[in-house]
Amino acid sequence: MADHPLIACQHCATLHERVPLAPGSLATCVRCGYALYRVSAVSLNGWIALVVGAILVFAIANYFPIVTLSIGGLQTRASLPGALYLTWQQGDQMLAVMTGLFSFWFPLTQLLFVLWALLAIRARRLPDDFSYGMRLLGHAMHWSMVPVLMLGILVSLVKFAGMAKVQLGPGIWAFVVLAFLLTGLSRMTARRLWGLAEDEGLVQRASIDTNQSAPVTSCLACGLVQQLPDHEHSMPCQRCGERLHYRKPDQTSRVWALLLAAWIAYIPANVLPVMQIRTAASDSKHTILGGVIELWGYGSWDLALIVFIASIVVPMTKLLALMVLMSRRSWRGPVIQRQRTRMYELVEFIGQWSMLDVFVVILMGAMLDFPGISRVIPGPAAVSFGVVVILTMLAAMSYDPRSGWDKQREEDDGSGQASTS
Ligand SMILES: [Zn+2]
Ligand SMILES: [Zn+2]
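Residues numbered from 1 in each chain as written. Chains lettered and ligands numbered in written order. Predicted model: local features only at pLDDT ≥ 70, side-chain atom pairs only at ≥ 80, totals over all residues.

Considering the overall build of the protein
The test is simple: To qualify as a helix, a DSSP run of H or I must reach at least 4 residues; to qualify as a strand, a run of E must reach at least 2; elements of each kind are numbered from the N terminus. Radius of gyration here uses only the C-alpha atoms, and the compact-globule reference equals 2.2 Å multiplied by the residue count raised to the power 0.38. As a rule, residues whose C-beta atom has 12 or fewer other C-beta atoms within 10 Å are exposed, those with 20 or more are buried, and those in between are partly exposed; C-beta atoms are placed from the backbone.
Counting its secondary structure elements, the protein contains 14 helices and 16 strands. Relative to the 2.2 N^0.38 estimate, which gives 22 Å for 421 residues, the radius of gyration of the protein is 23 Å and therefore close to what a compact globule would have. Counting only residues that meet the buried cut, the protein has 42% of its 421 residues in that class.

Rendered as structure tokens:
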């Protein structure tokens, strides 16, 4: 098996050889259908140019105002750093830190580390702390939410369309471009960067002694397939140092504990006001569902629907789907197992989108900041809602889709060739 590097499917642990494919094609798992790896049509230099472009756009998006609002003779310029600073100043430090990490620091970390890794691979010399950087990148990417922020900007703008004169700033266009660039760059994961380094012969490849009965598993951070002394044993990954387990440890207790905590935080998130709007004439408190009804009232049923899906349907779906994945473990058969895998993919995909309303709150705070005339104060539900999103994302990360496939392992043959599509 020395010709092509070994890889293991993230969802069902089936081993495959990473065979070279035509640019632009995708290899899927023979057993569960999960995407194993893509072969990019873009060259290494192309990716570097894309990241450098994204960093420039990131700077423009955060330096220039997103919008300028005017009421009477007064004007405010709203930018993302301004919104975060204002939220902090108003005493909502937790909300400011949470939204600041997801919309600013994690996307920035992602861009810088991808650039750093690509440059190192191109120079064919990896720095000593490459594995540390890649582990950090893996975590940062999971929580980088610029496309969600972009949707939040749109929703807040529609809410103001009737209240004030809105002038779009250069920042908003930069955010649109950045959202697209980061969606494209989300394919350049830490595992993929390890794969590129592997192709260049810069890092260790998997070598498995098939005569040994030791359990085979793969590192979730770098993808290296390796053997553990036994199923219960854990050790640092031979290549990147991340803790390596046969399956994610204590799955049942961790996922259930996080789900329970999420359900508890879900109640204040929906019952308490997410924000308070104070103007000279009125003082109103708004809940999440109330916000959806308001948007509907403004005539933007499409945005009302998006917010309803992101804030009500998505968290509910995530919580229920994870409960189904955790409970019906006696169901068997490859067809049902494939459906469970699809369900887990969905939970991972929709993970961050419920953060939408939390971004809307801080953005509206910055946009409606007319001292003495109007102010938006984040309500207690904003933090609770953010906590629900974080807890459900952590619950999804603690779930190990491979464990469901383990029961079928005896019936199936353990190794196959990657199929292309
Ligand atoms: Zn699979
Ligand atoms: Zn590793």
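Description of the pairing of strand β4 (residues 35-38)
Quick reminder of the rule: Any two strands with at least two DSSP bridges between them are considered paired.
Examined bridge by bridge, strand β3 (residues 26-28) and β4 share three bridges and lie antiparallel to one another. The residue bridging Ala27 from the neighbouring strand is Tyr37, located in β4. Turn length for the β3-β4 hairpin, with the two strands adjacent in sequence and antiparallel, is six residues, and the turn residue Gly33 shows positive phi of about 85 degrees.

Here we look at the sheet that holds strand β14 (residues 374-378)
Rules: Angles shown run from 0 to 180 degrees and are taken between the N-to-C directions of axes, each axis being a line fitted to C-alpha atoms and, for helices, limited to the stretch in contact.
With antiparallel pairing, the three strands of this open sheet are ordered in space as β13-β12-β14. Single-partner strands in this sheet number two, and they are β13 (283-286) and β14. Each adjacent strand pair in this sheet contributes to an overall mean axis angle of 15 degrees, direction not counted. Note that strand β12 (residues 275-279) and β14 share five bridges and pair antiparallel. Residue pairing across strands places Arg278 opposite Arg375, the latter belonging to β14.

A word on helix α12 (residues 356-367)
Which entries qualify depends on this criterion: Expected helix span is given by 1.5 Å per residue-to-residue step, counting one fewer step than there are residues.
Between its terminal C-alpha atoms α12 stretches 16 Å, which fits the 16 Å expected from twelve residues at 1.5 Å a residue. Of all twelve residues in α12, twelve are buried; the element is thus mostly enclosed. Among the residues of α12, those classed as buried are Leu356, Asp357, Val358, Phe359, Val360, Val361, Ile362, Leu363, Met364, Gly365, Ala366 and Met367.

Digging into the environment of Ala174
Formally: Placing C-beta atoms from the backbone, we regard two residues as in contact once those atoms come within 7 Å.
In this structure, Ala174 sits in helix α6 (residues 170-185). Expressed as a C-alpha distance, the spacing of Ala174 and Val376, which sit 202 residues apart in the sequence, is 25 Å. When residues no more than four places from it in sequence are discounted, the contact partners of Ala174 are Val57, Ile60, Ala61 and Phe64.

Some details on the packing of helix α1 (residues 44-63) against helix α3 (residues 93-122)
The angle between the axes and the distance between the axes are what describe a pair of packed helices. Note the threshold: Oblique is the label for any angle not under 35 degrees, not over 145, and not in the 65 to 115 range, which are roughly parallel, roughly antiparallel and roughly perpendicular in turn. Take the far helix as your reference; a near helix turned counterclockwise from it by less than a right angle gives a left-handed crossing, and one turned clockwise gives a right-handed crossing. Three classes are used: nonpolar for Ala, Val, Leu, Ile, Met, Phe, Trp, Tyr, Cys and Pro, charged for Asp, Glu, Lys and Arg, and polar for all others, with Gly counted as polar.
Running from N to C, α1 and α3 point in directions that differ by 150 degrees, and their axes come no closer than 10 Å. Between α1 and α3, the interaxial angle falls into the category roughly antiparallel. Read as a crossing pair, α1 and α3 show a hand that is left-handed. Here Leu44, Trp47, Ile48, Val51, Val52, Ala54, Ile55 and Phe58 of α1 lie close against α3, whose contacting residues are Pro107, Leu108, Leu111, Val114, Leu115, Leu118, Leu119, Ile121 and Arg122. Of the residues contributing to the contact of α1 with α3, the split by class is 16 nonpolar, no polar and one charged.

Section: the packing of helix α10 (residues 301-327) against helix α13 (residues 380-398)
At a closest axis distance of 11 Å, the pairing of α10 and α13 adopts a crossing angle of 30 degrees. Between α10 and α13, the angle is such that the two are roughly parallel. You can see that α10 and α13 cross each other, and the crossing is left-handed. Residues Pro315, Lys318, Leu319 and Leu322 of α10 touch α13, and the partners they reach there are Val388, Thr392, Ala395 and Ala396. Residue composition of the contact of α10 with α13, grouped by class: six nonpolar, one polar and one charged.

A short note on helix α9 (residues 288-297)
Since there are 3.6 residues in each turn of an α-helix, residues three or four apart along the chain are aligned in direction. This is how it is decided: Arc definition: it is the arc formed by the directions from the helix axis to the C-beta atoms.
For α9, the set of buried residues is Ile288, Gly291, Val292 and Leu295. All buried residues of α9 project into a common sector of 100 degrees when viewed along the axis, lining one side. Of the exposed residues in α9, the ones pointing more than 90 degrees away from its buried face are Ile293 and Gly297. Summarising the contacts, the buried residues of α9 are in contact with α5 (146-160), α8 (251-271), β13, α10, α12 and α13.

Observations concerning unusual backbone geometry
Unusually for a residue other than glycine, Ala13 sits at a positive phi of about 70 degrees. Positionally, Ala13 belongs in the loop between β1 (6-8) and β2 (15-17). Even without being glycine, Asp250 reaches a positive phi, approximately 50 degrees. Secondary-structure assignment places Asp250 in the loop between β11 (243-244) and α8.

Re the sheet that holds strand β5 (residues 67-71)
Taken in spatial order, the three strands of this open sheet run β6-β5-β7, and their pairing is antiparallel. Every interior strand has two partners, whereas the edge strands, β6 (74-78) and β7 (165-168), have only one. Going from strand to strand, the sheet's axes swing by 20 degrees on average, the running direction of each strand aside. Direction of pairing for β5 relative to β6: antiparallel, over a ladder of five bridges. Bridged to Ser70 within β6 is Gln75. Sitting on the sheet, α12 touches β5 and β6, and the angle it makes with β6 is about 145 degrees.

A few points about the nonpolar core
The condition is simple: Each nonpolar core reported here comprises buried Ala, Val, Leu, Ile, Met, Phe, Trp, Tyr and Cys residues connected via C-beta atoms within 7 Å.
Of all hydrophobic cores here, the largest spans 117 residues; its most connected members are Met134, Leu178, Leu356 and Leu363. When sequence neighbours within four positions are dropped, the list of residues in contact with Leu178 reads Ala54, Val57, Phe58, Ala61 and Val146.

Let's talk about the environment of Cys9
As for its position among the elements, Cys9 is in the loop between β1 and β2. Note on Cys9: 25 C-beta atoms within 10 Å, which makes it buried. Taking C-alpha positions, Cys9 is 60 Å from Gly73, a pair spaced 64 residues apart along the chain. In contact with Cys9, other than residues within four places in its own chain, are Thr14, His16, Cys29, Arg31, Cys32, Tyr34 and Leu36.

Take it as geometry only, folks, not as evidence of what the structure does.
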